[in-house]
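Examining the three-dimensional arrangement
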Amino acid sequence: MTTDTIPGALALACRAVTPAAPRDAVAGVMPSWVASPASVEEASAVLRAAADHDLAVVPRGGGTKLGWGEPPRRCDVVIDMLRMDRVLEHAAGDLVARVQAGVTMAHLAGVLGGAGQQLALDVPETGGPARNGSPTVGGVLATGVAGPRRLRYGTPRDLVIGVTAIRADGAVTRSGGKVVKNVAGYDLGKLFAGSYGTLGLIVEAVFRLHPLPAATAFVTDDVYGAAAVAQAVAAAAGSDLAPSAVEIDRPARGGPVRVGVLLEGDPGGVEERAGQMRGVLGAGSVATRNEPPWWGAAPGGAGPGGGGQGGTLIRIAFWAAALCSVLEAIDAAAGAAGLDPAVAGSAAAGVLHASVRRDAPPGAVAAFLGGLREALARGKPGAAAGEGPPTRGSAVVLHAPGDVREVVDLWGPVPGLDLMRAVKEQFDPGRLMSPGRFAGGI
């Protein structure tokens, strides 16, 4: 086999195959070609051709999170999904939509909004080559990203009820269906959610929808100290006022932490609940209909997809009841490393993002990450004796400059890694789908 036979094989599979350009690099790894299928059949044919020629494949949607995860060990072909951009079916009466993977979240929101409905993931618009810089449905599902309202509606794996995916050998597989109660078959949606394209190519997805709220209100308050922040978050989330999101934003260590609560519903009810939420948070809180400028953005103003404006972005997941201990662990690890990361995120849902500036020394970032992981693994002292909730959680580096990547483990300890490797072996024994992108070299 010579290199000139490979483009011919790909060209027979897909009408849109081009040589790769520098902008097509995946985490610094340069592919040879970009294939842009326009149908399930073309996408299947591309993967068959790639498998026949032992070519490694990396899927791409809007490109907004292509820098997440480890660099692929190999990347011969990027499969660009932006031509598969149709909303195939919107069953408004059933609150269900079936869409192709290349549909941007912005376009989908426009289509569903016309019927007063939404896919309740509120993923930030974070730039990239997609139209209007919007992430795509396939990319959002593959990375498992969700915005502030995960507290009420969940993440992509909670909202997807059906998936069509293509395995590395070109075989088309389907699971789930167009009815919310359909649970027959292997649940590929939950399996592929957050898999970073390592199990196969997502080409279609069916999602459960929700009505757009008639009114929204935001109640915010500035709080000092980890204990006070945890108390405010717990009070808001545990109230009878049904908040859709409870977020925090702390630009710098030692400064105020802004607690923000989102309320949704009918206009009269939202206004009344906002007044009651002010009573929950305290007299200093403010109610407004305007979304706070930091809402849903990771520290640094770049959003969860933006990597803190080129710095290091760390996602910290934990039991929500351990928020105080987690905030203290972040500060202790950062102080020991000589850093001052900004912290923000869905505190009531147990997800925060810590952002370290681009100019931070790589060794200091590694020390911060190591100290934080040690604290999360150790848990809160005395928790076993019933003196408080455990701190246990995870710290995953979503994005980092190259010099930081060289000195840190992006994923850290991953429970169930042996099972994940077994699943990878079943779906992609040739290691052709985004090889090495996921934890443990999967």
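Treat the numbers as computed from the prediction; the structure is a model and nothing was measured. Throughout this description, residue numbers start from 1 for each chain and increase along the sequence as written. Whole-chain, interface and lining totals are the exception, using all residues; otherwise, since this is a predicted model, local features are given only for residues with pLDDT of at least 70 and side-chain atom pairs are given and counted only at 80 or more. Each side-chain value is derived from all of the structure's non-hydrogen atoms; neither hydrogens nor water enter the calculation.

1. Thoughts on the overall build of the protein chain
Under the scheme used here, helices are H or I runs from DSSP no shorter than 4 residues and strands are E runs no shorter than 2 residues, and both carry numbers assigned from the N terminus. Within the protein chain, the regular secondary structure consists of 14 helices and 19 strands. When the 442 residues of the protein chain are sorted by exposure, 54% land in the buried category. Pairs of residues are marked as contacts when any of their non-hydrogen atoms sit within 4.5 Å. Taking the intrachain contacts of the protein chain between residues at least 6 apart in sequence as the baseline, contacts between residues at least 24 apart amount to 70%. The Shrake-Rupley method, run with a 1.4 Å probe, gives the accessible areas here. Residue values count only the displayed protein chains as cover. Approximately 17900 Å² of the protein chain is accessible, and the part contributed by carbon and sulfur atoms is 54%. Only protein chains enter the area calculation, which uses a 1.4 Å probe; residues under 20% of their type maximum are buried, those over 50% are exposed, and those in between are partly exposed.

2. Details of the confidence of the model for the protein chain
Within a predicted model, pLDDT stands for the predictor's per-residue confidence, ranging from 0 to 100. Per-chain confidence: the protein chain averages 89 in pLDDT, with 89% of residues scoring 70 or above. This model gives residues 180-185 a pLDDT under 50, and the stretch forms seven contacts once residues within four places in sequence are excluded. Across residues 300-308, confidence stays below pLDDT 50; counting only partners more than four residues off in sequence or on other chains, it has 29 contacts.

3. Quick notes on the pattern of salt bridges
Put simply, a salt bridge is a Lys or Arg side-chain nitrogen that is within 4 Å of an Asp or Glu carboxyl oxygen. In the structure shown here, the tally under the stated rule is 21 salt bridges. Where E204 meets R98, a salt bridge forms, and the shortest distance between an N and an O atom there is 3.1 Å. Of this pair, E204 sits in strand 10 (residues 201-208) while R98 sits in strand 6 (residues 96-100), and the two are 106 residues apart along the sequence. We classify E204 as buried; its relative accessible area is 12%. When the shortest N-O distance is used, the salt bridge between R357 and D359 registers 3.1 Å. Just as R357 is exposed, D359 falls in that class too.

4. Topic: empty space enclosed by the protein
For cavity detection a 1 Å grid was placed over the protein atoms alone, and a set of points counts as a cavity when a 1.4 Å probe fits there but cannot get out; an open set counts as a pocket when protein lies on both sides within 12 Å along at least five of seven lines, with lining residues being those that have an atom within 4 Å of a point. Grid points are joined across faces, edges and corners, and a volume is the space filled by probe spheres set on the points. Within this structure, the stated rule accounts for two cavities of 30 Å³ or more. Taken as a whole, the largest cavity spans an internal volume of roughly 350 Å³. Along the walls of the largest cavity sit 27 residues, with P59, G61, G138, G139 and A142 positioned nearest its centre. Among the elements that make up the lining of the largest cavity, the one with the highest residue count is helix 4 (residues 137-143) (five residues). The classification used treats Ala, Val, Leu, Ile, Met, Phe, Trp, Tyr, Cys and Pro as nonpolar, Asp, Glu, Lys and Arg as charged, and all other residues, Gly among them, as polar. The class makeup of the residues in the lining of the largest cavity is twelve nonpolar, twelve polar and three charged.

5. Focus: the pairing of strand 9 (residues 172-176)
At least two DSSP bridges between two strands are needed for those strands to be called paired. Of the pairings in the sheet, the one linking strand 8 (residues 160-166) to strand 9 comprises five bridges and is antiparallel in character. Opposite V163, over in strand 9, you have S175 as the bridge partner. Here strand 8 folds back onto strand 9 in antiparallel fashion, the turn holding five residues, of which G170 has a positive phi close to 95°.

6. Topic: the packing of helix 11 (residues 323-337) against helix 12 (residues 362-378)
Two elements in contact, helix 11 and helix 12, have axes separated by 8 Å at closest approach and are oriented at 145°. Our pair here, helix 11 against helix 12, has a crossing hand that is right-handed. Contact residues: V326, A329, I330, A333, A334 and A337 in helix 11; A364, A367, F368, G371, L372, A375 and L376 in helix 12. Its residues placed into classes, the contact of helix 11 with helix 12 shows twelve nonpolar, one polar and no charged. Convention adopted: a line fitted to C-alpha atoms gives each axis, helices being fitted over their contacting stretch, and angles between N-to-C directions are expressed from 0 to 180 degrees. Helix crossings are classified by the rotation of the near helix relative to the far one: an anticlockwise turn of less than a right angle makes the crossing left-handed, while a clockwise turn makes it right-handed.

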